[in-house]
Amino acid sequence: SSLPKEQTQLLFPITETKTHWITHGVLVENIPQTTNIACEEAAKILIGQRGFTPEEAFLFLSVKGDLGLCQSCHPDQGTQIAKMTVEKLEVCPRPFRVLL
């Protein structure tokens, strides 16, 4: 990756299975930022593992990512946890490049 290390280093531990990467975002009383963190962490994996640009990573996540949020009876009360699940594809094409 051509990004500085501090922009690609993961802030939270990830869960890795044979078929998926699962990133997490955890904050107190801030659902939008919690989901942003989970998405940003997933993008960092795609940048580091697949060589995506940041733009390609977020485009890919908008199509193949699965964003989840913990259930809450009273939104924004207490700790919020979001997760982004990204499938590990055998072949991961670079469909977002413009060929001239």
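That block above? That's the structure.
A quick note: this is a predicted structure, and the numbers were derived from the prediction, not measured. (Residues numbered from 1 in each chain as written. Predicted model: local features only at pLDDT ≥ 70, side-chain atom pairs only at ≥ 80, totals over all residues. Heavy atoms only, no water.)

Enquirer: Lay out the sheet that holds strand β1 (residues 15-16) in plain terms, naming residues and giving numbers.
Expert: Across the sheet, 4 strands lie side by side as β1-β2-β4-β3; this open sheet has antiparallel pairing. Pairing within the sheet leaves two strands with one partner each, and these edge strands are β1 and β3 (66-69). Against the sheet, helix α2 (residues 31-50) contacts β2 (20-28), β3 and β4 (79-87), and its axis sits at roughly 145 degrees relative to β2. Contacting β3 and β4, helix α3 (residues 54-64) runs over the sheet at an angle of about 95 degrees to β4. (Pairing = 2+ DSSP bridges. Helix = DSSP H or I, 4+ residues; strand = E, 2+ residues; numbered from the N terminus. Contact = heavy atoms within 4.5 Å. Axes fitted to C-alpha atoms, helices over the stretch in contact; angles between N-to-C directions.)

Enquirer: Explain the packing of aromatic side chains to me, using residue names and the numbers behind them.
Expert: Summed over all chains, the structure comprises 1 aromatic pair. Ring geometry for Phe 52 versus Phe 60: centroids 5.5 Å apart, planes at 80 degrees, classification edge-to-face. Across this residue pair, the class does not change: Phe 52 and Phe 60 are buried. (Phe/Tyr/Trp six-rings, centres within 6.5 Å; stacked < 30°, edge-to-face > 60°. Buried < 20%, exposed > 50% of the residue type's maximum accessible area, 1.4 Å probe, protein only.)

Enquirer: I'd love a proper account of the nonpolar core, names of residues and values included.
Expert: Ranked by internal contacts, the top residues of the largest apolar core, which has 15 residues, are Leu 46, Ala 57, Leu 61, Met 84 and Val 86. Contributing elements (two or more residues each) for this core: α2, α3 and β4. Take this core: its biggest share by element is 7 residues, from α2. Filtering out sequence-adjacent residues up to four positions away, Met 84 remains in contact with Trp 21, Ile 22, Thr 23, Ala 38, Cys 39, Ala 42, Leu 61, Gly 65, Asp 66 and Leu 67. (Core = buried A, V, L, I, M, F, W, Y, C linked by side-chain atoms within 4.5 Å.)

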